[in-house]
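Below, each chain spelled out in residue letters.
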Amino acid sequence: MTTNTGNGQSQEPISNLEYDFVTVLHNKAEAVKAYDTYIKDAEQVGSQPCVELFQKLRQSDIEHAQEIRQHLQQVLQHGKM
């Protein structure tokens, strides 16, 4: 995403690292939304073990998304971690 001009300045509005974090965060958000559907599907067929697994996976992705947001904030403020 970034092209360096040779003087240390980027010609792109977002660095590769910023783009990476935004992309991963977007993917995690989409996964969390999808798990809501998967949980409902498992509930409809009465599969409590599947409901519990999807809930566990959803919670894990929420926690990962929170950590990614923290890293993204640092990268946006400082350009790196």
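Sequence order as written defines the numbering, with residues in each chain counted from 1. Since the coordinates come from a predicted model, pLDDT governs what is reported: local features require at least 70, and pairs of side-chain atoms require 80 or more to be given and counted, while whole-chain, interface and lining totals use all residues. Hydrogens and water are ignored here; the side-chain numbers use all heavy atoms of the structure.

Asks: Any chance you could explain the overall build of the chain here in plain terms?
Replies: When helices and strands are tallied, the chain shows two helices and zero strands. Each of the 81 residues in the chain was classed as buried or not, and the buried ones make up 16%. Contacts were defined at the residue level, with two residues in contact if any of their heavy atoms lie within 4.5 Å. Looking at the chain alone, contacts between residues at least 24 apart form 44% of all its contacts between residues at least 6 apart. Where accessible areas are quoted, they stem from the Shrake-Rupley method and a 1.4 Å probe; at the residue level, only the protein chains shown are allowed to cover. Surface summary for the chain: the accessible area is close to 6,000 Å², and the carbon and sulfur share equals 51%. Each helix corresponds to a stretch of at least 4 residues labelled H or I by DSSP, and each strand to a stretch of at least 2 residues labelled E; elements are numbered beginning at the N terminus. Exposure categories follow from relative accessible area, calculated using a 1.4 Å probe and restricted to protein chains: below 20% of the type maximum is buried, above 50% is exposed, and the middle band is partly exposed.

Asks: Got a minute to help me understand helix α2 (residues 48–78) in this structure?
Replies: Since the α-helix advances by 3.6 residues per turn, residues separated by three or four positions end up pointing in the same direction. With 31 residues, α2 should reach 45 Å at 1.5 Å per residue; the first-to-last C-alpha distance of 45 Å fits that figure. Residues of α2 that are buried: Val51, Asp61, Ala65, Ile68, Leu72 and Val75. Where the residues of α2 are buried, they touch α1 (16–44). Gly79 lies just past α2 and shows a positive phi near 85 degrees. By definition here, a helix of n residues has an expected span of 1.5 Å times n minus one.

Asks: What am I meant to see in the packing of aromatic side chains here?
Replies: Any pair of aromatic rings gets described here by the distance separating the centres and the angle formed by the planes. The rule is short: rings of Phe, Tyr and Trp, with Trp giving its six-membered ring, pair when the centres are within 6.5 Å, and they are stacked under 30 degrees, edge-to-face over 60, tilted in between. Per the counting criterion, the structure on display carries three aromatic pairs. With a centroid separation of 6.3 Å and an interplanar angle of 40 degrees, the aromatic rings of Tyr35 and Phe54 are classed as tilted. Of this pair, Tyr35 sits in helix α1 while Phe54 sits in helix α2; the two residues are 19 residues apart in sequence, bridging distant segments of the chain. We classify Tyr35 as buried; its relative accessible area is 15%. Overall, Phe54 belongs to the partly exposed group, its relative accessible area being 22%. Here a set of aromatic residues connected by ring pairs shows up, and it is made of Tyr35, Tyr38 and Phe54.

Asks: Just to check I follow, could you spell out the packing of α1 against α2 for this structure?
Replies: When two helices pack together, their arrangement is given by the angle between the helix axes and the distance between those axes. Helix axes are fitted to C-alpha atoms over the stretch in contact, other axes to C-alpha atoms as well, and angles between N-to-C directions run from 0 to 180 degrees. Viewed as axis vectors pointing N to C, α1 and α2 meet at an angle of 160 degrees, and their least axial separation amounts to 9 Å. Judged on the interaxial angle alone, α2 and α1 are roughly antiparallel. In the packing of α1 onto α2, the handedness of the crossing is left-handed. Angle categories are assigned with fixed cut-offs, so that under 35 degrees is roughly parallel, over 145 is roughly antiparallel, 65 to 115 is roughly perpendicular, and the rest are oblique. We call a crossing left-handed when the near helix sits turned anticlockwise from the far one by less than a right angle, and right-handed when that turn is clockwise.

Asks: It is not clear to me how the environment of Ala65 should be interpreted in this structure. Could you clarify?
Replies: Along the chain, Ala65 turns up in helix α2. Separated by 37 residues in the primary sequence, Ala65 and Lys28 have C-alpha atoms spaced 6.0 Å apart.

Asks: What exactly am I supposed to notice about the side chain of Asp61 here?
Replies: Structurally, Asp61 can be placed in helix α2. Take Asp61: its relative accessible area is 9%, and that puts it in the buried class. Any pair of N or O atoms that falls within 3.5 Å is considered a polar contact. Within protein, one atom must be able to donate a hydrogen and the other to accept it, and sequence-neighbouring residues count only if both atoms are side-chain atoms. Side-chain polar atoms of Asp61 contact the side chain of Lys28, separated by 2.9 Å. Each residue touching Asp61, except ones within four places of it in the same chain, is listed here: Lys28, Ala31, Val32 and Tyr35.

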